[in-house]
Amino acid sequence: MAEYRDLFDLPEHVIGEILNGQLVTQPRPAPKHVLATSILGDELVGPFQRGRGGPGGWWILDEPELHLGPHILAPDLAGWRRERMPALPDEAYFTLAPDWVCEVLSAGTARIDRVVKMPIYAGQGVQWLWLVEPDLHTLEVFRLLDGHWLLEGAWQEADEVRPPPFAELAFSLADLWASMPAGGEEGRANGRAPGQDGM
């Protein structure tokens, strides 16, 4: 059974999590993964954390360390409504489950993110989950309903999106992909993915 101190011994270039009692490690993310995470955080922090051009009322954080029950997770991005968490904790980790989590998937992490971490997030009451796949140029948005994930919408390429729970903000998915020019003219001809208007 893995323990918290096991994470302290990992090399700097390795990210560690404890999922269902097992130590799970992965290398630091590749540049296109980092780009998608960075752009998303940039889009959300202004309007939703700082209230610039948006409603505010959120904390939006990169790679927070979550201690949720027996699990220790490090999502790419997570957000808490300030009505639930008025102030940040003094500890270096969070024991309150986020309201929203975003995982940016790669070939090496997709199986763990989908098969292992999604049920953990559901079990801990996370209300919204985004899965971003830079290789496939897709965004999937899931909402927790009666303890199970419901696919709320799916978008691709250069779609203009207003994904919940941040539907007040519109942005182009093209900005997230290293292989597409910002503005996404290349992807507009591909149209929208099935289910983008909710399922």
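One structure accompanies this document, and this report is about it. Predicted model, so just to flag it, every value in this text is computed and none were measured. (Residues numbered from 1 in each chain as written. Predicted model: local features only at pLDDT ≥ 70, side-chain atom pairs only at ≥ 80, totals over all residues. Heavy atoms only, no water.)

## Brief notes about helix H2 (residues 110-123)
Because each turn of an α-helix spans 3.6 residues, side chains separated by three or four positions end up pointing in the same direction. The condition that has to hold: Numbered from the N terminus, helices here are DSSP runs of H or I no shorter than four residues, and strands are runs of E no shorter than two. For a helix, the expected span equals 1.5 Å multiplied by the residue count minus one. The angle between axes fitted to the seven-residue stretch ending at a residue and the seven-residue stretch beginning at it gives the bend at that residue. Three labels apply to residues, based on accessible area from a 1.4 Å probe with only protein chains included: buried if under 20% of the type maximum, exposed if over 50%, partly exposed otherwise in between.
For H2, which comprises 14 residues, the first-to-last C-alpha distance of 19 Å matches the rise-based estimate of 20 Å (1.5 Å per residue) to within 8%. Helix geometry: H2 is bent most strongly at Lys 117, by close to 40 degrees, with proline Pro 119 lying one to four residues after it. Those residues of H2 lying buried are Ala 110, Ile 112, Asp 113, Val 116, Lys 117, Met 118, Ile 120, Tyr 121 and Ala 122. Count one or two residues on from H2 and you reach Gly 125, which has phi positive near 85 degrees.

## Regarding the sheet that holds strand E8 (residues 128-133)
Rule in force here: The criterion for strand pairing is that DSSP finds at least two bridges linking the strands in question. Think of each axis as a best-fit line through the C-alpha atoms, taken over the contacting stretch in the case of a helix, with angles from 0 to 180 degrees between the N-to-C directions. Contacts between residues were defined by any pair of non-hydrogen atoms, one from each residue, lying within 4.5 Å.
Reading across from one edge, E3-E6-E7-E8-E9-E10 is the order of the 6 strands in this open sheet, with mixed pairing throughout. Looking along the sheet, the strands with just one partner apiece sit at the ends: strand E3 (58-62) and strand E10 (148-156). Neighbour-to-neighbour, the strand axes of the sheet open up by a mean angle of 15 degrees, direction not taken into account. Here 5 bridges tie E3 to strand E6 (residues 77-81), and the two strands are oriented antiparallel to one another. Bridged to Leu 61 within E6 is Ala 78. Contacts from helix H1 (residues 31-49) reach E3, E6, strand E7 (100-104) and E8 within the one sheet, and its direction differs from that of E3 by about 160 degrees.

All we've got here are geometric facts, nothing functional implied.
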